[in-house]
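# Summary of structural features
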Amino acid sequence: MFMLLTGALMTCCLTACDDDVMQSRVLTGKWRGDWGMYYQYEYRGRIYTFNCYDTRIEFFPDHDFATSGTGRQIDYYDAGPYEYQYFYFNWRIRNGIVSLYYPYDRTLNTSISEYTMSNNVFAGYFVDSYDSFYLEKWADYYDWSGFNAYYCYGPRDYHFPYYSAEEDSIVI
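Read on for an overview of the structure. Every value quoted in this text rests on a predicted model; they were computed, and no experiment measured them. (Residues numbered from 1 in each chain as written. Predicted model: local features only at pLDDT ≥ 70, side-chain atom pairs only at ≥ 80, totals over all residues. Heavy atoms only, no water.)

Moving on, we come to the overall build of the protein chain. Looking only at helices and strands, one finds one helix and 12 strands in the protein chain. In the protein chain, which comprises 172 residues, the share counted as buried stands at 29%. In the protein chain, the proportion of contacts linking residues at least 24 apart, taken out of those at least 6 apart, comes to 43%. Entry remark: accessible area of the protein chain is about 12,500 Å², with carbon and sulfur atoms responsible for 54%. (Helix = DSSP H or I, 4+ residues; strand = E, 2+ residues; numbered from the N terminus. Buried < 20%, exposed > 50% of the residue type's maximum accessible area, 1.4 Å probe, protein only. Contact = heavy atoms within 4.5 Å. Areas by Shrake-Rupley, 256 points an atom, 1.4 Å probe, with all protein chains shown as cover.)

Now the structure itself:
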């Protein structure tokens, strides 16, 4: 009975770990959209709030099949004293929960548990504030199926073709 119970427990743990690995592989890459960021600025005793109109965020894995890594985030603003704000963070996925740790501004630390994630869209709610976000993927660091480039092997005196912007074509 003990062996059967231990086997069932191990199966559950391995399944959760496999799900985290798959989610981290999808998360890894470049995203763009509404991350729900804003900042407040005090001027002459009055507090102004400025909403971000575009966020670009990248998730880098620590290694292949990692469930954690580092990242960087740029938030763009069309009003206020700042055009953009730049952040570095560490991320981790454990039991389906995405956690973000900002070492230079710990007030930004957050977790995401209610979300949908596909190869194209990452959307959901932050646990602390229940603010929503919606991001679209720009680049996937694991999926190279859409990569199209010219590869060739030839003798040493072979000259590679180059791209001519003026002619908008490949020149040999």
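This part takes up the side chain of Asp-54. Position of Asp-54 relative to the elements: it lies in strand β4 (residues 54–61). Here the side chain of Asp-54 touches Arg-56 through a polar contact of 3.3 Å, side chain to side chain. What Asp-54 contacts, discounting residues up to four positions off in sequence, is Arg-32, Gly-33, Ile-74, Asp-75 and Tyr-76. (Polar contact = N/O pair within 3.5 Å; in protein donor to acceptor, adjacent residues only side chain to side chain.)

Our next topic: the pattern of salt bridges. This structure, assessed with the given rule, holds four salt bridges. In this structure, the salt-bridge partner of Glu-58 is Arg-72, at a minimum N-O distance of 2.7 Å. Of this pair, Glu-58 sits in strand β4 while Arg-72 is found in strand β5 (residues 68–76), placing the two residues 14 residues apart along the sequence. You can call Glu-58 buried: its relative accessible area is 10%. Taking relative accessible area as the criterion, Arg-72 reaches 32% and is therefore assigned partly exposed. Overlapping salt bridges, with partners in common, bring together Arg-32, Asp-54 and Arg-56 in one network. (Salt bridge = Lys/Arg side-chain N within 4 Å of Asp/Glu carboxyl O.)

Turning our eyes to something else, we now look at a nonpolar patch on the surface. Residues Tyr-84, Tyr-86, Tyr-88 and Tyr-104 make up a contiguous nonpolar surface patch of roughly 540 Å² in combined accessible area. Relative to the assigned elements, Tyr-86 resides in strand β6 (residues 84–94). (Patch = residues over 30% accessible without salt bridge, like charges linked within 9 Å, V, L, I, M, F, W, Y side chains within 5 Å.)

Of the strand pairs in this sheet, strand β1 (residues 29–34) and strand β10 (residues 132–140) are connected by six bridges, and their pairing is antiparallel. Residue pairing in the sheet places Lys-30 in a bridge with Ala-139 of β10. Of the pairings in the sheet, the one linking strand β9 (residues 121–126) to β10 comprises five bridges and is antiparallel in character. Counted as the bridge partner of Val-121 is Glu-136 from β10. The antiparallel hairpin formed by β9 and β10 contains five residues in its connecting segment, where Tyr-130 sits at a positive phi of about 60 degrees. (Pairing = 2+ DSSP bridges.)

In total, this model carries 19 aromatic pairs according to the counting rule given. When the ring of Tyr-41 is compared with that of Tyr-82, the centres are 6.2 Å apart and the planes differ by 90 degrees; the resulting orientation is edge-to-face. Within this pair, whereas Tyr-41 is found in strand β2 (residues 38–43), its partner Tyr-82 is found in the loop between β5 and β6, the two being separated by 41 residues in sequence. Accessibility expressed as a relative area gives 40% for Tyr-82, which makes it partly exposed. Seen in terms of ring centroids, Phe-59 and Trp-91 are 6.0 Å apart; in terms of plane orientation they differ by 80 degrees. Their pairing is edge-to-face. In this pair, Phe-59 sits in strand β4 while Trp-91 sits in strand β6, placing the two residues 32 residues apart along the sequence. With respect to class, Phe-59 is no different from Trp-91; both count as buried. (Phe/Tyr/Trp six-rings, centres within 6.5 Å; stacked < 30°, edge-to-face > 60°.)

Here we come to the environment of Ala-123. In this fold, Ala-123 is placed in strand β9. Taking the C-alpha atoms as reference, Ala-123 lies 9.8 Å from Ile-112; in sequence the two are 11 residues apart. If we skip the residues at most four places from it in the chain, Ala-123 touches Glu-114, Tyr-115, Thr-116, Phe-133 and Tyr-134.

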